[in-house]
Amino acid sequence: MASKEEFFDHIEKGYATKGDHLIMGAAMLEGEAVTNAHVKVPLKTMNRHGLIAGATGTGKTKTLQVLAENLSDKGVPVLLMDLKGDLSGIAQPSPGHAKIDERHAKIGLPFEAKSFPVEILSLSEQDGVKLRATVSEFGPVLLSRILDLTATQEGIVAVVFKYCDDNKLPLLDLKDFKKVLQYATGGGKAEFSKDYGRISTSSTGAILRKIIELEQQGADLFFGEKSFEVDDLTRVDENGRGYINIIRLTDIQDRPKLFSTFMLSLLAEIYATFPEQGDSDRPELILFIDEAHLIFNEASKALLDQIESIVKLIRSKGIGLYFVTQNPTDVPDAVLSQLGLKVQHALRAFTAKDRKAIKLTAENYPDSDFYDTNEVLTSLGIGEALVSALDEKGRPTPLAATLLRAPMSRMDVLTDNELKALIKKSDLVKKYGENIDRESAYEILNEKIDKAEKEAAKEKAKPKTTSRRRTSTRQNPVIKVLTSATFIRGVLGVLKKVIR
Ligand SMILES: Nc1ncnc2c1ncn2[C@@H]1O[C@H](COP(=O)(O)OP(=O)(O)O)[C@@H](O)[C@H]1O
Ligand SMILES: [Mg+2]
């Protein structure tokens, strides 16, 4: 049996860091924490993504809270996707508890109760900073992905965007988009087929049906103005602590399409906006996605590919993504293989399927002379987890069963009054709550189309000789990033077919 001293040295050496880091807790040997054998994660490798997994009630969300708080303390802003609405307590200090003091004495870390700067955001009718994007910002590529369109339908979406761009028709919400789509095979048929090729009613019908499906999941609330600027996620308070931005998604669990639409749009926008980081010693922004299986379960193959490539690319912008889910198998392998920090809470072995999942999970962790990973996985207590991180050189740290520190902020949620007060004092709520008349934007569009319809009718009467002048508008950064040369070639190919 290994001696405690040997184990202490093993952990101390394996988790040595020169630069800034977070302390997650103390490593455990034979079920007991070894005081001061601290398990540390260097800030430098926190852009290498991570996973927090484990059965219900084992402490995943508290681990997320602990990581978020400590990042904030180090000046790193955080974005939390709060699907169960249990994270708002971060805005209030922990009331403390004898058990928490006991836990921290074992870890060898003084416990400090404090609150953190919190901003509450919302995707729907709920209070908070409204997160929105216009359809034109979302772009044809993402829209096609999220609607899971065929190549032909994708070509039509691209044409609609091009038409609106050429004619300065603002595509703000889905209503706008549907209007143009109907126009393309209705009143504007002649105009469209002349400049962009013939568009079939059956294709636009199929696209319309998919848009309606998306709307049924509440996407009409997401698309519109005022668009959210992702730079507002990286704010730091007057004490140099990073803001913890909490997106309350409690009413979104049964609307996975809306969630993935939003996630994709956010990631693409962040990727397009944030500068290249190079070899940085700290991340710019860390995102935590609780109940992450929701984005993966319903995602199409095309969407998964998109997520996968964004996960790969976004790292160089100093953005770390942390997935929180019950079973690591909830996360696609291609994403899983890119995750640097792994925090595995206890798994329960009720069924043969459970035992198989445990075996698979154990295989994903580095071997250890000190643990039987399989056995540890089922015997971990609440607020304990197997940790494997990346050291400053990017090498995996030794596997450590860890007694995790407790959150410094409240583990319970804010009361309604506390939440209201927090939202009331927010500057961002004011900035994005400012009412832009979306109705009138739609009317302008309608009017333009009506006029175009009348002109088209007139043109029908007398043959037109002059060619229309084209106006180019600024390209949307999301399109810029996601429109690879291959994709453009693909669309052009489809367009040619459509025109023929
Ligand atoms: N690090 C921790 N320190 C103290 N208590 C914890 C810790 N982690 C979990 N707990 C306790 O366990 C409970 C369940 O944790 P939670 O994070 O909500 O589980 P999960 O998200 O895995 O369902 C918490 O309410 C808290 O009482
Ligand atoms: Mg949870």
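All values reported here derive from a predicted model rather than from experimental measurement.

Participant: It is not clear to me how the overall build of the protein should be interpreted in this structure. Could you clarify?
Facilitator: When its secondary structure is counted, the protein shows 20 helices and 12 strands. Here the protein, with 500 residues, has 56% of them falling under the buried criterion. For the protein, the proportion of contacts with a sequence separation of at least 24, taken over those separated by at least 6, is 78%. Accessible surface, the protein: about 22,500 Å² in total, of which carbon and sulfur atoms supply 49%.

Participant: Can you walk me through the site of ligand 1 in this structure?
Facilitator: Taken together, 15 residues lie near ligand 1, and G57, K60, T61, K62 and R405 sit nearest. Here T58 contributes a backbone N or O atom positioned 3.3 Å from an oxygen atom of ligand 1. G59 is positioned with one of its backbone polar atoms (N or O) 3.1 Å from an oxygen atom of ligand 1. If ligand 1 stood free it would expose 550 Å²; the protein chains cover 76% of that surface. The element best represented in the shell around ligand 1 is helix α2 (residues 60-73), accounting for three residues. Its residues assigned to classes, the shell around ligand 1 shows five nonpolar, six polar and four charged.

Participant: Can you help me understand the pairing of strand β10 (residues 341-344) in this one?
Facilitator: Regular strands place side chains that alternate from one sheet face to the opposite one. On β10, burial covers both faces: L341 and V343 on one face and K342 and Q344 on the other are all buried. Pairing between strand β3 (residues 50-53) and β10: four bridges, direction parallel. Pairing of L51 across the sheet is with K342, part of β10. Bridge count between β10 and strand β11 (residues 384-388): three bridges; the pairing is antiparallel. Its bridge partner lying in β11, V343 is registered against V387.

Participant: Please explain empty space enclosed by the protein as it appears in this structure.
Facilitator: One water molecule sets the probe size; rolling that probe over the atoms shows where empty space is left. Per the stated rule, a full pass over the model turns up two cavities of 30 Å³ or more. When its volume is computed, the largest cavity comes out at roughly 60 Å³. L51, P328, L336, L339, K342, T361, N364 and Y365 are the residues that line the largest cavity. Here the lining of the largest cavity is composed, by residue class, of five nonpolar, two polar and one charged.

Participant: Where do I start with the packing of aromatic side chains in this structure?
Facilitator: On inspection of all chains with the given rule, the structure shows 13 aromatic pairs. Considering the side-chain rings of F7 and Y371, the 6.1 Å spacing of their centres and the 85° angle between planes classify their relative orientation as edge-to-face. Highlighted residues: F7 in helix α1 (residues 4-14) and Y371 in the loop between α14 (352-363) and α15 (373-379), separated in sequence by 364 residues. Both residues of the pair, F7 and Y371, count as buried. Look at F222 and F262: their rings are 6.0 Å apart centre to centre, the planes differ by 85°, and that puts the pair in the edge-to-face class. Highlighted residues: F222 in helix α9 (residues 219-222) and F262 in helix α10 (residues 256-273), separated in sequence by 40 residues. For the residue pair F222 and F262, the accessibility class agrees, reading buried in each case. Aromatic ring contacts, followed pair by pair, group F138, F222, F223 and F262 into a single cluster. Over the aromatic face of Y271 sits the side chain of K317, whose NZ or CZ is 4.4 Å from the ring centroid.

Analysis parameters
As a convention, each chain's residues are numbered from 1 in the sequence order in which they are written. Naming scheme: in the order in which they are written, chains are lettered from A and ligands are numbered from 1. Totals for whole chains, interfaces and linings use all residues, but because this is a predicted model, local features are given only for residues with pLDDT of at least 70 and pairs of side-chain atoms are given and counted only at 80 or more. Note: side-chain values were computed over all heavy atoms of the structure, leaving out hydrogens and water. Each helix is a run of H or I in the DSSP string that is no shorter than four residues. Each strand is a run of E no shorter than two, and both are numbered from the N terminus. Burial classes: relative accessible area under 20% of the type maximum marks a residue as buried, over 50% as exposed, and values in between as partly exposed (1.4 Å probe, protein chains only). The contact rule is simple, with two residues in contact once any of their heavy atoms fall within 4.5 Å. The method behind every accessible area is Shrake-Rupley, applied with a 1.4 Å probe, and residues are considered shielded solely by the protein chains displayed. Nearness here has a simple test: a residue counts as near a molecule or strand if at least one of its heavy atoms is within 4 Å of that partner. In protein, a polar contact requires one atom able to donate a hydrogen and another able to accept it; more generally it is a pair of N or O atoms within 3.5 Å, and residues adjacent in sequence count only if both atoms are side-chain atoms. In this count, Pro and Cys sit with the nonpolar residues alongside Ala, Val, Leu, Ile, Met, Phe, Trp and Tyr, while Asp, Glu, Lys and Arg are called charged and the others, Gly among them, polar. Strands pair, by our definition, only if DSSP identifies at least two bridges between them. Whether a set of points on the 1 Å grid over the protein atoms alone is a cavity depends on a 1.4 Å probe fitting there but being unable to get out, while an open set qualifies as a pocket with protein on both sides within 12 Å along at least five of seven lines; lining residues are those with an atom within 4 Å of a point. Grid points are joined across faces, edges and corners, and a volume is the space filled by probe spheres set on the points. Side-chain rings of Phe, Tyr and Trp (the six-membered ring for Trp) are treated as a pair once their centres are within 6.5 Å; stacked means planes under 30 degrees apart, edge-to-face means over 60, and tilted covers the remaining angles. In this scheme, Lys NZ or Arg CZ marks a charge over a ring once it lies within 6 Å of the ring centre and within 35 degrees of the ring normal.

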